[in-house]
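Reading the structure
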Amino acid sequence: MSTRPYPVTDLDSSPWWEALQRREFVLQSCAPCRRLRWPARAMCNDCGSDEWTWVSASGVGAVASWTVTHRPGPAGGETFVVVLVRLDDQDDILVPGYFDGPPDGAGLTIGLPVEVGFDEVEAGDDGRRLTVLRWRRAALRGGGPGSVRE
Amino acid sequence: MIAVGEIDIGNTQRDAAAIAGVGHTEYSKNSGVTTLTLAIRAVQAALADAGLSQHDVDGVACHRVGDSVDPALVAQALGVRDLRFVRDVFGGGSSCIAPLDAAATAVATGQARCVVVWRALNGRSGVQMAGAASNPALSADAQYWLPYLHASAPQQFAMFARMYMHKHGLTAEDLGRVAIAQRAHAALNPRAMMRRPITMDDYLGSRWIAEPLRLLDCCQQNDAAVALVVTSTARARDLRRTPVTITATAFGGGGQLASNHRSDPTVSGAHAMAPRLYAAAGLGPDEIDLAELYDAFTPLVPLQLEAYGFCKRGEAGHMIREGAVRLGGVLPINTHGGHLSEGYVHGLNHVAEAVLQLRHDCGERQVPGAEVALSTAQPGVNSGLTGAVILKRAA
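Computed from a predicted model, the values in this text were never measured in an experiment.

Parameters at a glance
- Residues numbered from 1 in each chain as written.
- Chains lettered and ligands numbered in written order.
- Predicted model: local features only at pLDDT ≥ 70, side-chain atom pairs only at ≥ 80, totals over all residues.
- Heavy atoms only, no water.
- Helix = DSSP H or I, 4+ residues; strand = E, 2+ residues; numbered from the N terminus.
- Buried < 20%, exposed > 50% of the residue type's maximum accessible area, 1.4 Å probe, protein only.
- Contact = heavy atoms within 4.5 Å.
- Rg over C-alpha atoms; globule rule 2.2 N^0.38 Å.
- Areas by Shrake-Rupley, 256 points an atom, 1.4 Å probe, with all protein chains shown as cover.
- Axes fitted to C-alpha atoms, helices over the stretch in contact; angles between N-to-C directions.
- Parallel < 35°, antiparallel > 145°, perpendicular 65-115°, else oblique.
- Left-handed = near helix turned anticlockwise from the far one by under 90°.
- Nonpolar A, V, L, I, M, F, W, Y, C, P; charged D, E, K, R; others polar.
- Salt bridge = Lys/Arg side-chain N within 4 Å of Asp/Glu carboxyl O.
- Domains from an automatic or database assignment.
- Buried area = accessible area lost by both parts, 1.4 Å probe.
- Phe/Tyr/Trp six-rings, centres within 6.5 Å; stacked < 30°, edge-to-face > 60°.
- Polar contact = N/O pair within 3.5 Å; in protein donor to acceptor, adjacent residues only side chain to side chain.

**A look at the overall build of chain A**
Secondary structure assignment for chain A yields one helix and nine strands. Listed N to C, the secondary structure of chain A is α-β-β-β-β-β-β-β-β-β in terms of helices and strands. For chain A, the spread of C-alpha atoms along the principal axes amounts to about 50 × 45 × 25 Å. Out of the 150 residues belonging to chain A, those deemed buried represent 49%. Residue pairs at least 24 apart in sequence account for 54% of intrachain contacts in chain A once pairs closer than 6 positions are excluded.

**Brief notes about the overall build of chain B**
When you go through chain B residue by residue, the secondary structure sums to 13 helices and 11 strands. In terms of C-alpha radius of gyration, chain B reaches 19 Å, essentially the compact-globule figure of 21 Å for 395 residues. Taking the principal axes of its C-alpha atoms as reference, chain B extends roughly 55 × 45 × 45 Å. The buried share of chain B, taken over its 395 residues, is 62%. Considering only contacts within chain B whose residues lie at least 6 apart along the sequence, 77% involve residues at least 24 apart. Of the roughly 13200 Å² of accessible surface on chain B, 48% is carried by carbon and sulfur atoms.

**Looking at the packing of helix α1 (residues 35-50) of chain B against helix α2 (residues 71-78) of chain B**
The relative placement of two packed helices comes down to the angle between their axes together with the axis-to-axis distance. Residues and elements named next belong to chain B. In contact at an axis separation of 10 Å, α1 and α2 are set at 55° when each is read in the N-to-C sense. When the interaxial angle is binned, α1 and α2 end up oblique. Considering how the two elements wind past one another, α1 and α2 form a crossing that is right-handed. Of α2, the residues touching α1 (which contributes L36, A39, I40 and V43) are L73, V74, A77 and L78. When the residues that make up the contact of α1 with α2 are grouped by side-chain class, the tally is eight nonpolar, no polar and no charged.

**Re the pattern of salt bridges**
Summed over the entire model, instances satisfying the criterion amount to 20 salt bridges over all chains. Here R35 of chain A ties to D92 of chain A by a salt bridge, and the two come within 3.0 Å at their closest N and O atoms. Of the two residues, R35 of chain A is situated in the loop between β1 (26-30) and β2 (36-37) and D92 of chain A in the loop between β5 (79-87) and β6 (94-99); the sequence distance between them amounts to 57 residues. The same class applies to R35 of chain A and to D92 of chain A, which are both buried. Two residues, R84 of chain B and D58 of chain B, come together in a salt bridge whose shortest N-O distance is 3.6 Å. Of the two residues, R84 of chain B is situated in the loop between α2 and β3 (85-90) and D58 of chain B in the loop between α1 and β2 (59-64); the sequence distance between them amounts to 26 residues. Overall, the relative accessible area of 8% leaves D58 of chain B in the buried class.

**Details of the domain arrangement of chain A**
Residue and element names in this part refer to chain A. Segmenting chain A into domains produces domain 1 (10-57) and domain 2 (59-138). Each partner contributes to the interface: domain 1 provides 13 residues, whereas domain 2 provides 19 residues. Interface of domain 1 and domain 2: buried area, both sides summed, is about 1300 Å²; carbon and sulfur atoms make up 65% of it. Sorting the residues of domain 1 by area buried against domain 2 places R23, F25 and W38 first, and these three jointly supply 45% of that buried surface. Taken together, the connections running from domain 1 to domain 2 amount to one salt bridge.

**Points about the packing of aromatic side chains**
The tally for this structure, following the rule as stated, stands at 11 aromatic pairs over all chains. Ring geometry for W17 of chain A versus Y144 of chain B: centroids 6.0 Å apart, planes at 5°, classification stacked. Taken together, the residues W17 of chain A in helix α1 (residues 14-21) and Y144 of chain B in the loop between α4 (129-132) and α5 (153-168) connect one chain to another. The class for W17 of chain A is buried, based on a relative accessible area of 6%. Between Y98 of chain A and Y148 of chain B, the aromatic rings sit 4.9 Å apart at their centres with planes inclined by 90°, giving edge-to-face as the arrangement. On the criterion of chain membership, the pair formed by Y98 of chain A in strand β6 and Y148 of chain B in the loop between α4 and α5 is interchain, its members lying in two chains. For Y98 of chain A, a relative accessible area of 9% gives the class buried.

**Description of the environment of E306 of chain B**
Residues and elements named next belong to chain B. The residue E306 is located in helix α10 (residues 300-307) in this model. Of the residues examined, E306 reaches a relative accessible area of 7% and is grouped as buried. A polar contact is formed between the side chain of E306 and the side chain of Y164, at a distance of 3.0 Å. At 3.2 Å, the side chain of E306 and the backbone nitrogen of A316 are in polar contact.

Printed below as a string of structure tokens:
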């Protein structure tokens, strides 16, 4: 039993969720114009094509925002962090997920370079295993420690 | 700033329809009645305010999500024999101007003569809006947030708030000044749920909900209904109250927080929409005497001060610090206390307050000589959609 709902996937999104369960982070790539898109849609909102392929995302990006939720009720006092990550692949794709860090968000900054990771949680009334995104501070790249990109 | 006349919008309905009456139920934590009864009571109050009866009604319009009532039931309960217009809008704060716009169009085009518009919700004792967004049936994209237990309204707006505050150097104290100013307004409003004045210490000491939002950044959750009576401006002139005309409406938006739509989520749908609204109204932000800005959470206020051209982008914090948005300032906002302090009727209590201000019926909190008001929907930072109305005291 978990209070975490199992995601209600649909015919557009189920390939993305299935890939995630294999610990693959994918995006749609428009066949004619190569524009990337997420969440899943049946048509490119730029060129209008309905032909696409699923491609592996780079898995790197930067923290665009984060929240620290303070849980009410019996869990009062507990906090958890959710980050929103802007992908390096395309700057209008922002993807939420957990963050591999302290539950009060200490150390997070906007622009912090991150890379994709995965986590397994229990979801739904039957406590099924669900793989979700868990972003982590990027291994050293370019600018070195403390490097921040807006 | 927004210059008038940059856009050519043929608004054939400018000031053709008017709000002839407004009605409220009590705001409470437990109404003890159904949303149907709340709707009927608010509609009856609005009709009495206008000097009309239920038998004058030939159109119904509402918006709803979470807790709600079917408009067909309201029409039946009111005894409408020949229903000539109905509009049932799906949506919450983003959609609150749509039923009013539909009603105005209906009377301006002759489809109906008297349309009642309402929002009724047992938002405290029934379905709490803070969690309503967690319903995956409402948006397919909720599936990407729910597994992180991140779908409640405060969480969604907190994600936006941090980006917006970071971009413009907005501080917690700036948000606190919004909450304090609106509470000061609510102290002058007998209808308001929260009337005890608050200090910056109260604000900063209020518990975290979802950082960077505290309890006092968040709106009330309550049971209440508000209704408006919309008829032609010509007919409204023969009724009991000074008519308030619907000068212009506009709609916009289209992006979700996580989507291939825009690279900067701190720019809302209202930013693109506002110039169209002013063009349709034939006036600019300098001519607005007061603004009722949709305020489910405090950061939406500075965002909208910028979006609607009351200050330059990034300068709302300064405007708030200068006291411009308080009663007596150059642009009083949320004169009833807003959703933060009067109560939460999903944007419609903002329209009702604008009407009362333009009728000069607001007693201690009256903006002297108010002639033109803006009332807005959620600016479209999360759910995507937005809308707004400019209202005028009839000459």
